[in-house]
Amino acid sequence: MMNCPSEIQLAHWETSLAQFIGVLRQGLSSSGGKKDPKKSPKGAYIIHADGAGGEIAFARWRNLYPLLNFLPTTGGADILANDGKTIDVKTTTRTDGNLLVPAHLKTAPCDIYALMMGDADSGAYKCLGWATSCQVFQEKNLRDFGHGLTYMVTQEELKKPN
């Protein structure tokens, strides 16, 4: 169903856009009093910028336009496919990273969850795979890493890019 290129190199303007979106997402979340749920030693701005870059990279490959929402949200689609399917792009900088989806997203799931690896500084991204909401939201995938329930699908379980 979905094929991803092994690597996607964002253009300079795309990495600049990802960093700008990261600043907006972090700034608006902070000013709105929204607690950032992301747990990482990296700053929230960097996490948001890396995520926006992953959305841009995935959308460019699929010849779609990312929604690039910068207003504080509690989930929702990053991309709307031509067939109407909703896609939530998750991004990691770790080569051993897994698809992590917060449990609260089960109440309004996207159709597809894609996992990208990369960072906005280099603009280099790689699609690690994808899963359907039915695959993600299974009890066997539910984990508690100490900051709320999360569904985890390992890279080995993801549908692989061709």
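Residues numbered from 1 in each chain as written. Predicted model: local features only at pLDDT ≥ 70, side-chain atom pairs only at ≥ 80, totals over all residues. Heavy atoms only, no water.

(A) Seen up close, the overall build of the protein. Along the protein, the regular secondary structure elements total 3 helices and 8 strands. If you list the helices and strands of the protein from N to C, you get β-α-α-β-β-β-β-β-α-β-β. Looking at the protein as a whole, 42% of its 162 residues are labelled buried. The contacts in the protein between residues at least 6 apart in sequence include a share of 62% that link residues at least 24 apart. (Helix = DSSP H or I, 4+ residues; strand = E, 2+ residues; numbered from the N terminus. Buried < 20%, exposed > 50% of the residue type's maximum accessible area, 1.4 Å probe, protein only. Contact = heavy atoms within 4.5 Å.)

(B) Looking closely at helix α2 (residues 44–62). With 19 residues, α2 extends 27 Å between its outermost C-alpha atoms, agreeing within 8% with the 27 Å of an ideal straight helix rising 1.5 Å per residue. Once α2 finishes, N63 follows within two positions and takes phi at roughly 60°, a positive value. (Expected span 1.5 Å × (residues − 1).)

(C) Seen up close, the sheet that holds strand β7 (residues 142–144). As summarised here, the arrangement of the 3 strands in space is β4-β8-β7, forming an open sheet in which the pairing is antiparallel. A single partner strand is all that each edge strand has here, and the edge strands are β4 (99–102) and β7. Strand-to-strand twist in this sheet, taken as the mean axis angle between neighbours without regard to direction, amounts to 40°. (Pairing = 2+ DSSP bridges. Axes fitted to C-alpha atoms, helices over the stretch in contact; angles between N-to-C directions.)

(D) Broad picture of the pairing of strand β5 (residues 112–118). The buried fraction of β5 is high, at 7 of 7 residues. Side chains of β5 alternate between two faces, with I112, A114, M116 and G118 and Y113, L115 and M117 buried alike. Both strand β3 (residues 86–92) and β5 contribute to a ladder of 6 bridges, which runs parallel. When the bridges of β5 are listed, V89 appears paired with A114. In this sheet, strand β6 (residues 124–132) lies alongside β5 in antiparallel orientation, the contact comprising 7 bridges.

(E) Quick look at the sheet that holds β5. The strand order across the open sheet formed by 5 strands is β1-β6-β5-β3-β2, and the pairing between neighbours is mixed. Each edge of the open sheet is held by one strand with a lone partner, namely β1 (8–9) and β2 (79–80). Bridge count for β2 against β3 is 2 bridges, and the pairing is antiparallel. The residue of β3 that forms the bridge with L80 is T86. In the packing of α2 onto the sheet, the strands contacted are β1, β2, β3, β5 and β6, and the crossing angle to β3 comes to about 130°.

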